[in-house]
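# Structural overview
Residues per chain, in single letters:
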Amino acid sequence: MSTVTTEELSETTLLRFATAGSVDDGKSTLVGRLLHDSKSVLTDQLEAVERASASRGQEAPDLALLTDGLRAEREQGITIDVAYRYFATPLRRFILADTPGHVQYTRNMVTGASTAELTVILVDARNGVVEQTRRHAALAALLRVPHVVLAVNKMDLVDYEEKVFAGIAEEFTAYATELGVPEVTAIPISALVGDNVVEPSANMDWYGGPTVLEHLETVPVSHDLSHCHARLPVQYVIRPRSAEHPDYRGYAGQIAAGSFHVGEEVTVLPSGRTSKVAGIDLLGEPVDVAWTTQSVTLLLEDDIDISRGDLIVPSKDAPATTQDIEATVCHVADAPLTVNHRVLLKHGTRTVKAIVKDIPSRLTLDDLSLHPHPGQLVANDIGRVKIRTAEPLPVDSYSDSRRTGSFILIDPNDGQTLTAGMVGESFASPEPVKDEAEDDGWDF
Amino acid sequence: MTTTVATVSEGTDSPYALSHLDALESEAVHIFREVAGEFERPVILFSGGKDSIVMLHLALKAFRPASVPFSLLHVDTGHNFPEVLDYRDRTVAEHGLRLHVASVQDYIDRGVLKERPDGTRNPLQTLPLTEKIQAEKFDAVFGGGRRDEEKARAKERVFSLRDEFSQWDPRRQRPELWNLYNGRHAPGEHVRVFPLSNWTELDVWQYIAREGIELPQIYYAHEREVFKRAGMWLTAGEWGGPKDGETVEKRLVRYRTVGDMSCTGAVDSEADTIEKVIVEIAASRLTERGATRADDKMSEAAMEDRKREGYF
């Protein structure tokens, strides 16, 4: 029984994170242990797992069963899709995108990582950095996930040896840094036994860093907004036309990046008309400043023509509009994406007609080799595309803004989501390794 | 234990980090506004349960000071708690909303649906719901489902495509990337939309407390005549209980979920205020469906099967 404290009841922050790795790496066991050891598994769920484990002849409850969802998956012993898990500690609420390791692997990891602020990549300490690890690192880099955790699992099977861990951590960190991953935190764990997952390990005195959960609880979830371009995609125009509010005209949207303040000069794209922020309505409460990811309603000084799909930006920091987009994409549909494919492109709140003009290359994630002019991309392929849109779009580079630098392609005939796109260069240029003074002595 | 609910977060985060409730609220409002912008005839499934009440509260905030551009739909099993019906009607009147009702009793009276031997009417809701959606040409249907409720729900999308029979095909669901929701659908199809996907039961209660949202009184501890069936306290009433051998007793109980009276169980509780309810939820070692829903106990895949057939 847990004791309830005020902390458990107060408002905390939210961290969205994803896990990458296969069943063989112990991913399901790690997730099960995070849920179990943080006391997020409730009695009836645990009993169900115990019953299922016993019926399969297993002695101990198989924590991996906590994360199996559909009957189809349980019967086949696979996971076919991203599953979302929820748990909380007194310090933070977590949303975990649990992505399967086998079928549709790339599609699912891209989906999970698109909203994640952190990715946990698992490796088996006995195998070290393998092809799959490099694939996971490349995807985290492509999706610009700000924080990466390398969990070196099964340390119990390598006698908890420091040099095994240090070698793997060094090799991985070098590779990830080269891909532009801004931050890697390596943690030696045993998910099965519980070392360094929630509780610090008694078997690895040489490790002085945080456990996985401690790191998840303390990693920053917000950024310095002064470096972000402010962007508000208009979702809906609020016009009550009531006796009380005859002239109210507000532009509703979720701030995609940066912050807006009352009095700021703004430009509406793609029209280019300008005005000033007369007021900001934060779900019924007037405020002077609002920032990402708040849902707000902006009131402007001038009565200009604005509708759903427009983008409101500070006049001093407006992106160029373009009909020609170059992007890195991950194809997620079963049918292929081909040159001259006519599609719909959804960017922010605007959906426009578009045509795939060229597919200059396909990227192999294992070794980052480029295959020129593949002609098409099939499900789970990553590639570069050139797209021409029917109308100009105010796109940002994905490296500057994950929300206004991303888009999806939709099949105009059957409505399926075809492709996930990220505007601009695939990988960030590597930055010099920063001096991580607060990192408790772990420098590689 | 304490009953104080603190509202200020302490931690290492910058002042720009939203609290978890603010982040969840903003996400849900974004979802409501996307639907308002992209669909012709959206409707909110409104049962008078706490999740649908929170949904309506969020929708009201999303479009303020304008009115909510959606109507409400109640699938009426005919086994309603009177307190909940009363709450529904007061809410509709207060906000000037339009209410549609799909009645299970009508279908039984017309002989289209047959009463089940166990008296449970939850599985009977699917047909009236589907036919109402088709008849009214609703193209987006908001549901209060949360991914933390049940295993099959954990894989549900925020925008969940349903065919003309309302069927859910887990293999046909679209990947959802960033916050770019794809609501394209063919005529006759519709999209179920779940704005509370990422909320947990505790989040919902914390939000109800923070926003001062009124709930039907049955969510708080009260004395009630109940009898025990399948490990749950069910309310005695016209719907069919108790049977021979089941004895009625008066107990202090409250409901954690509100559904059909025939299969929604009460839990023993002394929590008669929102603060006490939150303390109880935080300390609870059972999921709300495990504790109070007979329909989910039928089989390990009960929810998966009902979702495929078009259930909420």
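The present account deals with the structure reproduced in this document. Since the model is a prediction, treat every value here as computed from it, not as a measurement.

Turning our attention to the sheet that holds strand β3 (residues 92-98) of chain A. Each strand in a sheet pairs with another by means of backbone hydrogen bonds, the pair being arranged parallel or else antiparallel. Residue and element names in this part refer to chain A. Taken together, six strands build an open sheet; the order of strands is β2-β3-β1-β4-β5-β6 and the sheet is mixed. Among the strands making up the open sheet, the edge pair consists of β2 (83-88) and β6 (184-188). Neighbour to neighbour, the strand axes of the sheet diverge by 25° on average, direction disregarded. As defined by bridge partners, strand β1 (residues 13-20) adjoins β3 across seven bridges and the pair is classed as parallel. Residue pairing in the sheet places T19 in a bridge with D98 of β3.

Counting residues in each nonpolar core, the largest one holds 190 residues, and the members touching the most others are I121(A), L150(A), A151(A), V152(A) and I44(B). Looking at this core, the element that brings in the most residues is helix α1 (residues 20-38) of chain B, giving nine residues. Contact partners of V152(A), with chain neighbours within four places excluded, come to V123(A), A125(A), F165(A), I168(A), A169(A), A186(A), P188(A) and I189(A).

Below, the discussion takes up the packing of α1(B) against helix α2 (residues 50-63) of chain B. Residue and element names in this part refer to chain B. Relative orientation of the contacting elements α1 and α2 amounts to 75°, with a least axis distance of 9 Å. The angle between α1 and α2 falls in the class roughly perpendicular. Of the residues in α2, those touching α1 at E25, A28, V29, F32 and R33 are L58, A59, K61 and A62. In terms of residue class, the contact of α1 with α2 is made up of six nonpolar, no polar and three charged.

Residue and element names in this part refer to chain A. Between its terminal C-alpha atoms helix α6 (residues 131-142) stretches 16 Å, which fits the 16 Å expected from twelve residues at 1.5 Å a residue. Counting buried residues along α6, ten of its twelve residues qualify, which places the element largely inside the surrounding structure. All of the buried residues in α6 are Q132, T133, R135, H136, A137, A138, L139, A140, A141 and L142. Trailing α6 by a residue or two, R144 shows a phi angle of about 55°, which is positive.

Basis of the calculations
- Residues numbered from 1 in each chain as written.
- Chains lettered and ligands numbered in written order.
- Predicted model: local features only at pLDDT ≥ 70, side-chain atom pairs only at ≥ 80, totals over all residues.
- Pairing = 2+ DSSP bridges.
- Helix = DSSP H or I, 4+ residues; strand = E, 2+ residues; numbered from the N terminus.
- Axes fitted to C-alpha atoms, helices over the stretch in contact; angles between N-to-C directions.
- Core = buried A, V, L, I, M, F, W, Y, C linked by C-beta atoms within 7 Å.
- Buried ≥ 20, exposed ≤ 12 C-beta atoms within 10 Å, placed from the backbone.
- Contact = placed C-beta atoms within 7 Å.
- Parallel < 35°, antiparallel > 145°, perpendicular 65-115°, else oblique.
- Nonpolar A, V, L, I, M, F, W, Y, C, P; charged D, E, K, R; others polar.
- Expected span 1.5 Å × (residues − 1).

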